[in-house]
Amino acid sequence: QVQLVESGGGLVQDGGSLRLSCTASGGSFIVSSMGWYRQSPGKQRELVAIIRSGGSTVYEDSVVGRFTISRDNNKNTVYLQMNSLKPEDTAVYYCTARLRDIFRQEDDYWGQGTQVTVSS
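Below you will find a few notes about this structure. All of these numbers come straight from a predicted model, not from anything done at the bench.

1. Side note on the pairing of strand β10 (residues 106-110)
Here is step 1: As paired elements, strand β9 (residues 91-100) and β10 share 5 bridges and run antiparallel to each other. Within β10, the position partnered with R100 by the bridge is E106.
Here is step 2: Connecting β9 to the next strand, β10, in antiparallel fashion are 5 residues, including R104 with a positive phi near 70°.

Laid out in structure tokens, this is it:
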């Protein structure tokens, strides 16, 4: 059974940094893409950043220049380096992965979420 396990959230001051990690495990699959979404109270879940198998990336406008997404294909792991954090970045961050199985069927998986809190 495929699992996404996240780590790295926590409490940081305005202007600080955090690094999130997420590893996909269980089953036989190829990773098509991995990324991060976030959700604040009262708001819809929004895309933060995605990295595709070829290495191309997409970022939400407000994080461009501050956040960097990367991946280690050998470890099926995606990272989100978050610098210059702001209070408005406070949210639960969810890892997501689109995985392809041996029958070439793709499915989306989600992690349990990790809390990031930025104090002013």
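There is more to say, and it comes next.
2. Let's talk about the side chain of E6
Here is step 1: Along the chain, E6 falls in strand β1 (residues 3-7).
Here is step 2: Only 2.5 Å separates the side chain of E6 from the backbone nitrogen of C95, close enough to count as a polar contact.
Here is step 3: From its side chain, E6 meets the backbone nitrogen of Q112 in a polar contact 3.4 Å long.
Here is step 4: Apart from the residues within four sequence positions on either side, E6 is in contact with S21, C22, W36, Y93, Y94, C95, G111, Q112, G113 and T114.

3. Quick look at the packing of aromatic side chains
Here is step 1: Counting across every chain of the model gives 1 aromatic pair.
Here is step 2: The cationic tip of R45 hangs over the ring face of W110; the distance from NZ or CZ to the ring centre is 4.9 Å.

4. Looking at the pairing of strand β8 (residues 77-82)
Here is step 1: Burial runs high along β8: 5 of the 6 residues are buried.
Here is step 2: As paired strands, strand β3 (residues 18-25) and β8 are joined by 6 bridges and run antiparallel to one another. Paired with L20 across the two strands is L80, which belongs to β8.

5. Some remarks on the state of the cysteines
Here is step 1: Inspection of every chain in the model, using the stated rule, returns 1 disulfide.
Here is step 2: Across the disulfide from C22 sits C95; the S-S distance is 2.0 Å. Between C22 and C95 the disulfide shows an S-S torsion of about -80°. By sign, it is left-handed. Highlighted residues: C22 in strand β3 and C95 in strand β9, separated in sequence by 73 residues. Comparing C22 with C95, the two get one shared label, buried.

6. With respect to the sheet that holds strand β7 (residues 67-72)
Here is step 1: Read across the open sheet, the 4 strands follow the order β1-β3-β8-β7; overall the sheet is antiparallel. Taken across any chain shown, the strands that pair with only one partner, and hence form the sheet edges, are β1 and β7. Put simply, the sheet's adjacent strands are angled 15° from each other on average, direction ignored.
Here is step 2: As defined by bridge partners, β1 adjoins β3 across 5 bridges and the pair is classed as antiparallel. Following the sheet pairing, Q3 is matched in β3 by S25.

About the criteria used
- Residues numbered from 1 in each chain as written.
- Predicted model: local features only at pLDDT ≥ 70, side-chain atom pairs only at ≥ 80, totals over all residues.
- Heavy atoms only, no water.
- Pairing = 2+ DSSP bridges.
- Helix = DSSP H or I, 4+ residues; strand = E, 2+ residues; numbered from the N terminus.
- Polar contact = N/O pair within 3.5 Å; in protein donor to acceptor, adjacent residues only side chain to side chain.
- Contact = heavy atoms within 4.5 Å.
- Phe/Tyr/Trp six-rings, centres within 6.5 Å; stacked < 30°, edge-to-face > 60°.
- Lys NZ or Arg CZ within 6 Å of the ring centre and 35° of its normal.
- Buried < 20%, exposed > 50% of the residue type's maximum accessible area, 1.4 Å probe, protein only.
- Disulfide = S-S within 2.5 Å.
- Axes fitted to C-alpha atoms, helices over the stretch in contact; angles between N-to-C directions.

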